Amino acid sequence: MSGEQVTVAEEEYLQTIFWLYEAGLPMTGANVARAMQLSPPTVHEMLGRLERDGYIARAADKTISFTDSGREHAEDIVRRHRLIERFLTDVLGIPWDEVHEEAERLEHAMSPVLEARMLAAIGDAENEAEELLHYLKAAGAEPGMTGTLAEKGEDAVVVEAAGGQRVSLTPSVAETVSVAADPSPPPRVALPAQLVLSSDRYGR
C-alpha cells in the first residue's frame, strides 16, 4: 500500500504506536487505547486493519511491532507533525503548549516539497499532546530546562531547576518528559500506572 492510500485514522494510530516505541513503553493495544483515550474494541479493530494493510505485526503475547513499511510511514508522520509544531512556534510565534492540535489538523495534508523545505529551515523538534503541554507549562516545566531530581514519590516527582524553582509533576506525566541525564540511567521499560496524555479523545 502506498503512502497516498494511508487513511488519516491509520496515520493517527501509527503515530501513537511510534510514540510508545520512542518512550520505551510496551507497544500493546491496551497502551494504544490508553494513549488515544479510545475503547479497547475500537483499537482492536483498527489494529487488525493496520495488520491486514501490512503496517504492523502482532505477536502471540499481544505486543505490536512495525513492518518495514509501517515504521517508515510512522516516522514520516511524526516528522511532519514535529516540523509543523516548530514552524508554528518559531515562525508564527504560537506558544509551544498550544501547537499540538493545530499540527494534528495540518500534518495529513503536508506535501513532500513543503516538508523538505521546513526540514531544511527548521530542523527537528519534540512532540506531546496539547493538554499535557498546558499542564507542563503551568507547572513551570519549559523546554531546555536544567535541574536536579529533588523528590520522587508515589504522588509526585519534584525537580529543582537551576534557578531554585521547584517543579512538581505527577509520576505519570513525568514519564512522558524526555530528559538528558548525567550520568545516563539504564533504559526505561516500566509502564506508568496510567498512560493518559489528555482527558479528551486523541487528536479531536
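To be clear, the structure that these remarks concern was listed above.
Predicted model, so just to flag it, every value in this text is computed and none were measured.

Counting its regular elements, the protein chain contains eight helices and five strands. The N-to-C order of helical and strand elements in the protein chain reads α-α-α-β-β-α-α-α-α-β-β-β-α. Of all 204 residues assigned to the protein chain, the portion counted as buried reaches 38%. The long-range share in the protein chain, meaning contacts at least 24 apart out of those at least 6 apart in sequence, stands at 62%.

The α-helix winds at 3.6 residues per turn, so residues separated by three or four positions along the chain end up facing the same way. Those residues of helix α2 (residues 29-36) not exposed but buried are Asn31, Val32, Ala33, Ala35 and Met36. Its buried side turned inward, α2 meets α1 (8-23), α3 (40-52) and β2 (64-66). Directly beyond the C-terminal end of α2, a positive phi value near 55° is found at glutamine 37.

Glancing now at the pattern of salt bridges. Applying the stated criterion to the full structure yields eight salt bridges. Here aspartate 76 and arginine 79 are joined by a salt bridge, their closest N and O atoms 2.4 Å apart. On the criterion of helical spacing, the pair formed by aspartate 76 and arginine 79 is a turn pair, its members being three residues apart in helix α4 (residues 68-91). Using a relative accessible area of 31% as the deciding quantity, one classes arginine 79 as partly exposed. Because the salt bridges share partners, they merge into one network encompassing Glu151, Glu160 and Arg166.

Let's shift gears to the packing of aromatic side chains. What describes a pair of aromatic rings is the distance from one ring centre to the other and the angle between the planes of the rings. Taken as a whole and judged by the stated rule, the model has two aromatic pairs. A centroid spacing of 6.4 Å and a plane angle of 45° characterise the contact between phenylalanine 18 and phenylalanine 66, whose relative ring orientation is tilted. Pair noted here: phenylalanine 18 is in helix α1 and phenylalanine 66 is in strand β2, with a separation of 48 residues, a long-range link. Just as phenylalanine 18 is buried, phenylalanine 66 falls in that class too. Taken together, the aromatic side chains of Phe18, Tyr21 and Phe66 make up a single cluster linked through ring pairs.

Turning next to the environment of isoleucine 77. Of note, isoleucine 77 is situated in helix α4. Of the residues examined, isoleucine 77 reaches a relative accessible area of 2% and is grouped as buried. Separated by 63 residues in sequence, isoleucine 77 and leucine 14 have C-alpha atoms that sit 8.0 Å apart. When sequence neighbours within four positions are dropped, the list of residues in contact with isoleucine 77 reads Glu11, Leu14, Gln15 and Glu107.

Attention now goes to the packing of α1 against α3. Running from N to C, α1 and α3 cross one another at 95°; their axes reach a closest spacing of 11 Å. As the angle between them shows, α1 and α3 are arranged roughly perpendicular. When α1 is examined against α3, the residues Ala9, Glu10, Tyr13, Leu14 and Ile17 are found in contact with a partner set consisting of Thr42, Val43, Met46, Leu47, Arg49 and Leu50. Here the contact of α1 with α3 is built from residues that sort into eight nonpolar, one polar and two charged.

What follows is about α3. For α3, built from 13 residues, the straight-helix expectation of 18 Å at 1.5 Å per residue is met to within 8% by its first-to-last C-alpha distance of 18 Å. Within α3, the full set of buried residues consists of Val43, Met46, Leu47, Gly48 and Leu50. Where α3 is buried, its residues meet α1, α2, β1 (56-58) and β2. Positive phi shows up at glycine 54, right after α3, with a value of about 90°.

If you trace the backbone, glutamate 11 turns up in helix α1. Beyond its immediate stretch of four places on either side in the chain, glutamate 11 contacts Val6, Ile77, Arg80 and His108.

As defined by bridge partners, strand β3 (residues 147-152) adjoins strand β4 (residues 157-161) across five bridges and the pair is classed as antiparallel. Bridge pairing links glutamate 151 to valine 158 in β4. With antiparallel pairing between neighbouring strands as the criterion, β3 and β4 make up a hairpin whose turn holds four residues.

The rules we used
Residues numbered from 1 in each chain as written. Predicted model: local features only at pLDDT ≥ 70, side-chain atom pairs only at ≥ 80, totals over all residues. Heavy atoms only, no water. Helix = DSSP H or I, 4+ residues; strand = E, 2+ residues; numbered from the N terminus. Buried < 20%, exposed > 50% of the residue type's maximum accessible area, 1.4 Å probe, protein only. Contact = heavy atoms within 4.5 Å. Salt bridge = Lys/Arg side-chain N within 4 Å of Asp/Glu carboxyl O. Phe/Tyr/Trp six-rings, centres within 6.5 Å; stacked < 30°, edge-to-face > 60°. Axes fitted to C-alpha atoms, helices over the stretch in contact; angles between N-to-C directions. Parallel < 35°, antiparallel > 145°, perpendicular 65-115°, else oblique. Nonpolar A, V, L, I, M, F, W, Y, C, P; charged D, E, K, R; others polar. Expected span 1.5 Å × (residues − 1). Pairing = 2+ DSSP bridges.

Geometric values such as these leave the question of function open.
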